[in-house]
Amino acid sequence: NFNMDTVLSGCLPGFVFKERYLFYCQNASKITVFSVFLAANAAQFKKNKPGQKRPLGIPTFADRIVQCGIKIILEALYEPIFMDCSHGFRPHRACHTALAQIYDNPRVRIDWVIEGDIKGCFDNICHQKLMMLLQKRIKDDRFLRLIAKFLKAGYFERERWNPTKAGTPQGGIVSPILANIFLHELDKYVHTEFGANQTAIQTPQEYRDRANPEWKRANERIGNLRRTLRNCKLATSEANAKIELKSLLKLRGTIPHLSQPIKPRITYVRYADDFVIVLRSLPKAEAERIKSQLTGWVEDELHLVLSPEKTAITHITEGLKFLGYKIMDKKTDSPVQPRVKLAIPYKSAQSKLNDIKKICQKLSTPEVEVIRKLNSMLRGWMTYYRCVNAPSRIMRSVLSHTWFIYGKYVSRKNNCRLSEAAQRWTKRCSSSPINPKGGQKSWMAETVNEKGKLVREYLMCTPVPKSKLNYVAAKIRLGASRSIEVNNASLNSY
């Protein structure tokens, strides 16, 4: 039973004023909607697909303060009941925590994957259904009326007011948590109806129990022979042991390591309006049944539609893309059970190179500013993809292309050839956070700092070190503000 008076007595931060909120609540019937929540300014940003744009509603500064207070209250109410499979727009959750829940063990096979996307989720959320869900946990009518006025405030586009009959405007501070409250019903349905996330992950003992007995005997014999070779003193017995060891190693490579399949398990992960349902040791017919049943339930209960273009059933051999990462099986020549790996999609690297080319097309921009923009862009991109398998290979390729793109920019700007520009403006960089090793030849630009000293800015030429996905996810869950070391126990728990 939520009461606004108890919350306003001291739970809200100082920048959300109690007097202003009470004034809005007491005079809600006397003033117009625009006095409580002004209509948001509409803007459109390009999506990944050409020709498509995403509408954004940008609220006024005064409304952002009130929305921030509403967001803090709603987080305090709903964060305890949100399920662990939801990772979008939540504290101590991020893309890497969602990926870690899918990629819980690289040795665990993934068979079929249902990739789901709700078409226009933020724009088509039913206001009546959302208010009914809020009334289940909130009993304060003034707070509910304030949220309703925010939903009905409308938006301005080209100096014309337009009403909002459905949806929460993208760009508002409180919109993401309202969408999570609405889609929490989807999380509960998948959890109860299909048994998602209810089967525990494979333990080390269960993994050992699935091992092939023939492979176990060969492995034990190999271990005994290696111990014999370490302590052997006779040349004849040593030669015979080496021959037997060589034959057993070949034999072990042809024997499947695991003879029993993993226990059936369904994993469900959602980030905002994108979700993935992973099926292990289950047939495709089960995936088709889950997809058809889930599509009907979303249309009937949530009054939303799953995008037919983005909602599909794929096998792990084909690979799936989720949150910018590509999850696929690791191809090996041995007949053992295939493993799962993370990779950087080719389109992501190509898109980043296109952005770099656009920056280097403006010859009027100083070289120092261009280098700073490129370093910031490259470091952010590589930091996000630092958890893939062998990231340095693709990262070095992107850095190499960036080196030549920036070199052509310098040669055009100074009206000289690339070789002449390289002789003049490439130096061996010193050790720095951008280039930790130092000593590599890179492009540089000189500038004067605040103290009047000459400073050189070097282009980034070193990939970001690889990090384990479980380590990054555990660090996010523990919080960036807590500077503690993540031990092995905490890593295994995630």
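**Side note on helix α12 (residues 284-302)**
Here comes step 1: Here α12 contains 19 residues, and its C-alpha end-to-end distance of 26 Å stays within 8% of the 27 Å for a straight helix at 1.5 Å per residue.
Here comes step 2: Looking at α12, one finds that the buried residues are A287, I290, L294, W297, V298 and L302. The arc enclosing the buried residues of α12, seen along the axis, measures out at 100°, which places them on a common side. Projecting away from the buried face of α12 at angles above 90 degrees are the exposed residues A285 and D300.
Here comes step 3: Where α12 is buried, its residues meet β3 (112-117), α8 (175-193), β6 (265-271), β7 (274-280) and β8 (312-315).
Here comes step 4: Positive phi shows up at H303, right after α12, with a value of about 60°.

**What about the packing of aromatic side chains?**
Here comes step 1: According to the stated counting rule, one finds 13 aromatic pairs in the structure shown.
Here comes step 2: Arranged with centres 4.3 Å apart and planes meeting at 10°, the rings of Y189 and W297 form a pair that is stacked. Taken together, the residues span a long stretch of sequence, with Y189 in helix α8 and W297 in helix α12 at a distance of 108 residues.
Here comes step 3: A residue is classified by how much of its surface remains accessible, and Y189, at 12% relative accessible area, is buried.
Here comes step 4: Judged by relative accessible area, W297 falls into the buried class, the value being 17%.
Here comes step 5: Centre to centre, the rings of Y268 and F275 are 6.1 Å apart; their planes meet at 45°, and the pair counts as tilted. Each member of the pair Y268 and F275 is classed as buried.

**Concerning the nonpolar core**
Here comes step 1: F322 and Y406 are the most contacted members of the largest nonpolar core, which totals 59 residues.
Here comes step 2: Excluding anything up to four places from it in sequence, F322 contacts A98, L99, I102, V269, Y271, D274, F275 and V276.
Here comes step 3: Counting 51 residues, the second-largest nonpolar core is a separate cluster that includes I114, I118, F150 and L178.

**Let's talk about the packing of helix α5 (residues 95-102) against helix α17 (residues 469-478)**
Here comes step 1: Packing of α5 against α17 brings their axes to within 8 Å, and their N-to-C directions diverge by 130°. Relative to α17, the element α5 is oriented oblique. Between α5 and α17 the crossing geometry is left-handed. From α5, H96, T97, L99 and A100 reach across to α17, where they touch L469, N470, V472, A473, I476 and R477.
Here comes step 2: Tallied by class, residues from the contact of α5 with α17 come to six nonpolar, three polar and one charged.

**Digging into the sheet that holds β8**
Here comes step 1: Taken in spatial order, the four strands make up an open sheet running β6-β7-β3-β8, and their pairing is antiparallel. Strands with a single pairing partner mark the edges of an open sheet, and in this sheet they are β6 and β8. Direction aside, the axes of adjacent strands within the sheet are offset by 20° on average.
Here comes step 2: Bridge analysis of β6 against β7 gives seven bridges, and the strand direction is antiparallel. Looking at β7, one finds that I266 is bridged to L279.
Here comes step 3: Along the sheet, α5 contacts β6 and β7; its crossing angle with β6, the most-contacted strand, is approximately 170°.
Here comes step 4: Taken strand by strand, α12 contacts β3, β6, β7 and β8, and its axis lies near 150° from that of β7.

**Re the sheet that holds strand β10 (residues 325-330)**
Here comes step 1: Pairing within the open sheet is antiparallel, and its three strands lie in the order β9-β10-β11. Looking at strand neighbours, the two that pair on one side only are β9 (320-322) and β11 (339-343), the edges of this open sheet. Here the average twist between neighbouring strands, direction ignored, is 35°.
Here comes step 2: Bridge count for β9 against β10 is three bridges, and the pairing is antiparallel. Residue pairing in the sheet places F322 in a bridge with Y325 of β10.
Here comes step 3: Strands β9 and β10 of the sheet are contacted by α5, whose axis makes an angle of about 20° with β10.

Conventions we followed
Residues numbered from 1 in each chain as written. Predicted model: local features only at pLDDT ≥ 70, side-chain atom pairs only at ≥ 80, totals over all residues. Heavy atoms only, no water. Helix = DSSP H or I, 4+ residues; strand = E, 2+ residues; numbered from the N terminus. Expected span 1.5 Å × (residues − 1). Buried < 20%, exposed > 50% of the residue type's maximum accessible area, 1.4 Å probe, protein only. Arc of directions from axis to C-beta. Contact = heavy atoms within 4.5 Å. Phe/Tyr/Trp six-rings, centres within 6.5 Å; stacked < 30°, edge-to-face > 60°. Core = buried A, V, L, I, M, F, W, Y, C linked by side-chain atoms within 4.5 Å. Axes fitted to C-alpha atoms, helices over the stretch in contact; angles between N-to-C directions. Parallel < 35°, antiparallel > 145°, perpendicular 65-115°, else oblique. Left-handed = near helix turned anticlockwise from the far one by under 90°. Nonpolar A, V, L, I, M, F, W, Y, C, P; charged D, E, K, R; others polar. Pairing = 2+ DSSP bridges.

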